[in-house]
Amino acid sequence: MQEAYKVGNAQSIGSYQIQSSYFSSRCSDRECLAVLADGTADHTNGRRCAVLAAEACMQEFQNMKKKAEFPAFFDRVVSKILRDMREIIFLGKTPYLSVSIQWFKDRELFYFSAGSNQSFLFDGSSYQLLKESCGRMNFGKGMTAGMISRGVWEALNEKEMLSYLGRREHPYDKAQQMILEVKQKNRKMARTAAILLVEGCL
């Protein structure tokens, strides 16, 4: 049986000492959840917050009822993230956290972004930045949705993004090549960079 989704990811630590971004995905033959979180601070707590956020999303997704809707799912995730951060992050000030969530179900994409991450949709020819904090889009075969941290969009412009997204390669290879170009920019004070791509196959 052909898989419904292909997922690719990559990240770079930049000029930081600690990788503060984290991503995760879980896919079945009918739906897929992808999460990208960025602690945006060169500190252990930044990494902890990113991990907590991504894992909270995966736990809620695994426990979610079959007919659950995205708004209710997101409300539960936010509550869990905030609760976990209060219980676990205790050394110093909690870092600013960016979180992006993409849920693919029945040929639709439900998305949410908070913070400095960016979400986008590529339909095979055009690139659309999803500027609203949350929304719903059609999603099908040959389309690619992605989430990128600030370290990526500061380094790569839209033309450069399109040069990779339009290639006939697995999303993992595209993501790795994009992060390689981010590194090759050799920018001073480069942030940690992370990218997560999901491609529709059916």
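Each remark here, short or long, concerns the structure printed above.
Residue numbers run consecutively from 1 along every chain, following the written order of its sequence. Residues qualify for local features only when their pLDDT is at least 70, as the model is predicted, and side-chain atom pairs are given and counted only at 80 or more; totals for whole chains, interfaces and linings, by contrast, use all residues. Neither water nor hydrogens contribute to the side-chain values; these are computed over all heavy atoms in the structure.

A. Expanded view of the pattern of salt bridges. Salt bridge criterion: a side-chain nitrogen from Lys or Arg within 4 Å of a carboxyl oxygen from Asp or Glu. Under the defined criterion, the tally for this structure stands at 8 salt bridges. One salt bridge in this structure joins Arg191 and Glu154, with 3.6 Å as the shortest N-O distance. With Arg191 in the loop between α5 (171-184) and β10 (193-200) and Glu154 in the loop between α3 (150-153) and α4 (158-165), the pair connects residues that are 37 residues apart, well separated along the chain. Of the residues examined, Arg191 reaches a relative accessible area of 24% and is grouped as partly exposed. Residue class for Glu154 comes out partly exposed when judged on its relative accessible area of 33%. Starting at the N terminus, helices and strands are each numbered in turn, a helix being any DSSP run of H or I of at least four residues and a strand any DSSP run of E of at least two. Partly exposed describes any residue whose relative accessible area lies between the buried limit of under 20% and the exposed limit of over 50%, with all areas from a 1.4 Å probe on protein chains only and scaled to the type maximum.

B. A look at the packing of α4 against α5. With their axes 9 Å apart at the nearest point, α4 and α5 run at an angle of 145° to one another. The two elements α4 and α5 meet at a crossing, and its hand is right-handed. Counting all contacts with α4, which are made through Glu160, Met161, Tyr164 and Leu165, the residues of α5 involved are Lys174, Gln177, Met178 and Glu181. Each axis is a line fitted through C-alpha atoms, and for a helix only the stretch in contact is used; angles between axes span 0 to 180 degrees, taken between their N-to-C directions. In this scheme the handedness of a crossing depends on how the near helix is turned from the far one: anticlockwise by less than a right angle means left-handed, clockwise means right-handed. Whether two residues are in contact is decided by their heavy atoms: any pair within 4.5 Å suffices.

C. Just the state of the cysteines, in detail. Any two cysteine sulfur atoms lying within 2.5 Å of each other are counted as a disulfide. Across all of its chains, the model carries 1 disulfide by this definition. The disulfide partner of Cys27 is Cys32, and the S-S distance across this bridge is 2.1 Å. Of the residues examined, Cys27 reaches a relative accessible area of 36% and is grouped as partly exposed. With no disulfide of its own, Cys49 has Cys57 as its nearest cysteine by sulfur position, at a separation of 13 Å.

D. Representation of the side chain of Lys105. Relative to the helices and strands, Lys105 is located in strand β4 (residues 98-105). Apart from residues lying up to four places away in sequence, Lys105 is in contact with Tyr5, Arg30, Glu31, Lys66, Ala68 and Phe110.

E. Region of the structure containing the side chain of Glu181. On the secondary structure map, Glu181 appears in helix α5. When charges are counted, Lys and Arg are positive and Asp and Glu negative, with His and the chain ends excluded. The buried charged residue Glu181 lacks any salt bridge, with Lys185 as its nearest oppositely charged partner at 4.0 Å. Of the polar contacts made by the side chain of Glu181, one reaches the side chain of Tyr164; its length is 2.2 Å. Nitrogen and oxygen atoms within 3.5 Å of one another constitute a polar contact, given that in protein one can donate a hydrogen and the other can accept it, and given that sequence-neighbouring residues count only through two side-chain atoms.

F. Expanded view of the sheet that holds strand β8 (residues 134-138). Pairing between strands is defined by DSSP: at least two bridges between the two strands are required. In space, the 5 strands of this open sheet follow the order β2-β3-β4-β5-β8, with antiparallel pairing throughout. Looking at strand neighbours, the two that pair on one side only are β2 (21-27) and β8, the edges of this open sheet. This sheet shows a mean twist of 10° between the axes of neighbouring strands, independent of strand direction. Two strands pair when backbone bridges link them, and β4 and strand β5 (residues 108-114) are joined in this way by 7 bridges, in the antiparallel orientation. Bridge pairing in β5 places Trp103 opposite Phe110. Sitting on the sheet, helix α1 (residues 44-63) touches β2, β3 (31-38) and β4, and the angle it makes with β2 is about 10°. Relative to the sheet, helix α2 (residues 70-88) contacts β3, β4 and β5, its axis offset from that of β4 by approximately 150°.

G. Spatial organisation of the packing of aromatic side chains. Note on ring pairs: Phe, Tyr and Trp rings are taken, using the six-membered ring of Trp, and paired if centres are within 6.5 Å. Classes follow the plane angle, with under 30 degrees stacked, over 60 edge-to-face and the rest tilted. In total, this model carries 10 aromatic pairs according to the counting rule given. Summarising the aromatic geometry, the rings of Phe70 and Phe73 are spaced 6.2 Å apart at their centres and angled 45° between planes, so their arrangement reads as tilted. Of this pair, Phe70 and Phe73 both sit in helix α2, separated by 3 residues, roughly a single helical turn. In this structure, Phe70 and Phe73 share a single accessibility class: buried.

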